[in-house]
Amino acid sequence: MTPELPDLDALGTRVSAARAATEGRGETFYPGASGIHLAAFPPRERWDDWVELDSRAWPARVERHSMLVPTTCFNCESACGLLAYVDRETLQVRKFEGNPEHPGSRGRNCAKGPSTINQVTDPDRILYPLKRAAARGEGLWERVSWDEALDAIAARLRKALEEKRHNEIMIHIGRPGEDGYTERVLASWGVDGHNSHTNVCSSGGRTGFQFWTGIDRPSPDYAHAKVIYLVSAHLETGHYFNPHAQRITEARANGAKVIVLDTRLSNTATHADHWLSPQPGSEAAINLAIAQHIISTDRVNWDFVRRWWNWEEYLDACRPELERSFASFQAVLRTLYASWTFDVAAQESGIDSSTIAEVADVVAGAGTRFACHSWRSAAAGNLGGWQVSRTVFFLAALLGAVATEGGTFPNAYNKFVPRPIHTPAHPGVWQELSWPLEFPLAQNEMSFLLPHFLLDGRGRLDTYFSRVYNPVWTNPDGLSWMEVLTDEEKVGCYVALTPTWNESAYFADWILPTGHSSERHDTHSYEQYDGQWVGFRQPVLRAARERLGETVTDTRQVNPGEVWEENELWIELSWRIDPDGALGIRRHHESRARPGEKLTVDEYYGWMFENSVPGLPEAAAAQGLTPLAYMRRYGVYEITRDQGALFDRPVPADELTDTAVTATGRVFTAAPAPTSPNIVPTASPPPDPSGRRPVGVAVDGAVLTGFPTPSGRLEFYSSTLASWGWPEHALPGYIRSHVHPDELAPDQLVLLSTFRLPTQIHTRSANSKWLDEISHTNPVWIHPRDATRLGVSRTGDLVRVETEIGYFVAKAWITEGIRPGVVACSHHMGRWKLDGHDAVSAGSMMATVRLHHDGTGWSMRASDHVRPYESTDPDTRRIWWSDTGVHQNLTFPVHPDPISGMHCWHQAVRVRPAEPGDSHGDVAVDTARSRAVYRAWMARTRPAGSVSPDGSRRPSWLMRPLKPRPELFALPDEHARPEPR
Ligand code: SF4
């Protein structure tokens, strides 16, 4: 029977009429994503009282009235807009949907956004501050008041600061989810204790971009691209997942070609026009062959290269015998990469040379509409992975597709970080546990080496905080973390700020419950298209009650239990550290309007929105609102669109005072830098010997803004890499991975461990019932040929995966979606809780495990699995799965890249059928072997003491959160060279 199709013309006419009617009432019409424009969201004029029929009351027509309050999702780094539907009768959140006012996410969310309601209503969540009541890890806790917890922690911190033990204080930040608040708190304490998760996440990707542009992330204009080139699962789970995915989808609908390099058949790869499944670690070789094709077919944007590459610096440093002319450079460039033929790339990657040639021609034909990204994936998996990003951007730089429509922007052009009310000075100490001398070029803190540094005796921590972070579970070598977190000599006090139980919190001394995305304040801005916006996360019940005329002075008044938010918590803790102001801390947390009183979140954000977000005060006034009230009502403000090529803009004449120009065109000025409300982080090139600041570059007779690199141009040649001990990697190039076939024994395979699932959150979704129902296991992907060779006969068979330090046992998934010789396992699953911790109802959707420890040998086995259980949520009786996957990261040793500092996640492994007695989820590790691997990788480094060209620890221009004062960049005396080169 032929299905009856709707009459689209008639439907369209009706919808047009509906739209006209909506707009005729003076209401906003938010069209849906389909071509047939039904309204997709409630008009914002009705957000105070939105009426829906109660689906559970069907067939009775029962109306439910809601206030729609915006906030921002915190379940990945995209910061999509959410609308909380707050029931006007119960004043509780009924559900979360998308916020159509948000210019990045445009009302759309992935599964994790609406699942915020699971996190908020999780019957297992932590509602009150807890204090350890037995030895660390024994699982006994007592409920305490916030006063008791904060007084005790503040007293420790104050003592450490008074005794000048600033470097014994550290806050370890997982997902920041905000722009700069925690850094500001640490700066106010005078502590260089910012520790991020970035070196287990994205620093490999960032490093390659930073050496080119002085800015550590790209912002591809996917929607307008002709060719999209992704070295990641970007459409599916990559950076800015949903906002980017929807723009890639639009581009595809408009005919763009999508090229994906991913050894695994990711969901993204299934949508690609060209999917390449290379040998892991060979991606830069493919990029170089494509670059060579662009050069050899003369499709280079030569005028862009002439104006914007630092080719003169390259010729001066590397080819001084040649005439210093662009023609010389063109001739050199034509030979430099000539050896990177398609055959060579094919040899390295295992991809047919004809396929690479086909893709290369697509890229070469993109012109300036070439949008590219490389994030996590290969850049995070391999020794030298940062060269993957450097060679990806090489393609954009050859094509001149930099900050063009459909091209690739530096992220700072599409991000806005408003200046806050107080800006404390940079710290007067240097934290060597995070920024050790062995890694002078590290993109971020060497966070994952912390246990080894503590075990080496390089220092100790008096007070260690983690927030939105779970170091035992997230990092490689988690059992070494467990060893130091249970040793009070090494970590005197561990404070876990977390909304949910996690594998690290079990070893804490204090657990402080902080809120989910609808229970806290933050601002953020991310590069998702060619424009800038500022988003506002807020406690939605606070905003709802304020709409009803109530006054809320403390977010705990509206949050569940005694759940707090970090802003108010940090203000209160800082105040208690320095109650009389003698330490100089309190003033950074004090009201300006009411001197001597504590800053409130209303004043903090009210000042920011009034003074630091251009256009917002006017937009708010047009609606009769204050800027803060506007943000509480809409949750976001778009500042600008179509930034364009900012680097190509002339420097204003009033900034050009007493200028000096170098031989390569870098322009310095004595004029003071204008104060910008936007404090988005970028690199900061150094001043000239006379102290003038870099202001631009001389290009064709004009002084243009340029890039925040030492040369002011795109650095094809990195003088920094050359002068800091790595001259062989100063140009975009190829570094053979630690899992290159030549490094593998005949019976070894490569394990890809870097991919994540689009439906899980790193550490906060273990109890998100909808997400767990969708994704709760992580089998090992094995190609049928390997399965046959290894004796794995069926999907579901147990296999042992042996790493350098131990093994894990997982189920096999036999699939052609993975390259032969490579296996893959998602890092998202394998959540566990310790047997005996049920008293605190810790993580009912996690496996229960027994952990055995004998000297340096550790083993873990599940003693119980997930099962239905009674709780306040009837759905917990309907759990139908028991599998929770395996925690593979425990079996990985640390692999620090000697340049970027990135942990190189890929593993050389042996895979074989499980042994009799093995059980799914088993883990065994010898931490003595972890130590040996750590030492072997440390031997690859070139420490600042031996390579620094100027007696400093680190190039001062490179990005660094909480940059200590300039004098602290000097090498310590025992490492300083008598005569700086
Ligand atoms: S992509 Fe999904 S998880 Fe990430 S912010 Fe958006 S809705 Fe939340």
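Anything mentioned here points back to the structure above.
Residues numbered from 1 in each chain as written. Predicted model: local features only at pLDDT ≥ 70, side-chain atom pairs only at ≥ 80, totals over all residues. Heavy atoms only, no water.

(A) Spotlight on the sheet that holds strand β22 (residues 666–669). Within the open sheet, the 4 strands sit side by side as β21-β22-β23-β24. Their pairing is antiparallel. Each edge of the open sheet carries a strand with a single partner, namely β21 (660–661) and β24 (702–704). Where β22 and strand β23 (residues 693–699) come together, 4 bridges link them in antiparallel fashion. Paired with Phe668 across the two strands is Pro694, which belongs to β23. (Pairing = 2+ DSSP bridges. Helix = DSSP H or I, 4+ residues; strand = E, 2+ residues; numbered from the N terminus.)

(B) The arrangement of the side chain of His776 in detail. Within the fold, His776 resides in the loop between α25 (769–774) and β26 (780–782). By relative accessible area, His776 is classed as buried at 12%. Only 2.7 Å separates the side chain of His776 from the backbone oxygen of Asp772, close enough to count as a polar contact. At a separation of 3.5 Å, a polar atom in the side chain of His776 contacts the main-chain carbonyl oxygen of Glu773. (Buried < 20%, exposed > 50% of the residue type's maximum accessible area, 1.4 Å probe, protein only. Polar contact = N/O pair within 3.5 Å; in protein donor to acceptor, adjacent residues only side chain to side chain.)

(C) The arrangement of empty space enclosed by the protein in detail. A full pass over the atoms with the stated rule returns 14 cavities of 30 Å³ or more. What lines the largest cavity is a set of 22 residues, and nearest its centre among them are His197, Val200, Thr474, His762 and His827. Class assignment of the residues belonging to the lining of the largest cavity gives a composition of 8 nonpolar, 10 polar and 4 charged. Looking at the second largest cavity, its volume works out to about 270 Å³. Together, 21 residues line the second largest cavity, and Ala233, Asp262, Ser377, Thr754 and Phe755 are the ones closest to its centre. Considering only residue class, the lining of the second largest cavity consists of 6 nonpolar, 10 polar and 5 charged. (1 Å grid on protein atoms, 1.4 Å probe; cavity = no way out; pocket = protein on both sides within 12 Å on 5 of 7 lines; lining within 4 Å. Points joined across faces, edges and corners; volume = space filled by probe spheres on them. Nonpolar A, V, L, I, M, F, W, Y, C, P; charged D, E, K, R; others polar.)

(D) Just the side chain of Thr207, in detail. Tracing the backbone shows Thr207 in helix α5 (residues 203–213). Polar side-chain contacts of Thr207 include one of 3.4 Å to the side chain of Gln443. The residues touching Thr207, leaving out its near neighbours within four places in the chain, are Trp386, Gln443 and Ser900. (Contact = heavy atoms within 4.5 Å.)

(E) Here's a closer look at helix α27 (residues 927–938). Helix length check: α27 (12 residues) gives 16 Å between terminal C-alpha atoms against 16 Å at 1.5 Å per residue, within 8%. At its buried positions, α27 is contacted by α16 (450–456), α18 (478–485), β32 (857–864) and β34 (923–926). In this structure Asp926 caps α27, since a side-chain oxygen of it lies 2.9 Å from the backbone nitrogen of Ala928. (Expected span 1.5 Å × (residues − 1).)

(F) Structural detail: the site of the ligand. What surrounds the ligand is the set Cys73, Asn75, Cys76, Ser78, Ala79, Cys80, Asn109, Cys110, Lys112, Gly113, Phe241 and Asn242. For the shell around the ligand, the per-class residue count stands at 6 nonpolar, 5 polar and 1 charged. (Near = heavy atom within 4 Å.)

(G) Local environment of the packing of α5 against helix α15 (residues 386–399). Packing of α5 against α15 brings their axes to within 6 Å, and their N-to-C directions diverge by 45°. One finds that α5 runs oblique with respect to α15. Helix-helix and strand crossings are classified by hand; for α5 and α15 the assignment is right-handed. Counted together, Gly204, Gly205, Thr207, Gly208, Phe209, Phe211, Trp212 and Thr213 of α5 and Trp386, Ser389, Arg390, Phe393, Phe394 and Ala397 of α15 form the full contact between these two elements. Residue composition of the contact of α5 with α15, grouped by class: 7 nonpolar, 6 polar and 1 charged. (Axes fitted to C-alpha atoms, helices over the stretch in contact; angles between N-to-C directions. Parallel < 35°, antiparallel > 145°, perpendicular 65-115°, else oblique. Left-handed = near helix turned anticlockwise from the far one by under 90°.)

(H) Fine view of the sheet that holds strand β13 (residues 370–374). Read across the sheet, 4 strands follow the order β12-β11-β10-β13 without closing on themselves; strand pairing throughout is parallel. Bordering the open sheet on either side are β12 (274–276) and β13, each of which pairs with just one other strand. Within this sheet the neighbouring strands show an average axis-to-axis angle of 10°, counted without direction. One ladder, built from 5 bridges, connects strand β10 (residues 227–231) with β13; its direction is parallel. Across the sheet, residue Tyr229 finds its bridge partner in β13, namely Cys372. Along the sheet, helix α6 (residues 241–253) contacts β10, β11 (257–261) and β13; its crossing angle with β10, the most-contacted strand, is approximately 140°. Sheet strands touched by α15: β10 and β13. Its angle to β13, the strand with the most contacts, is close to 170°.

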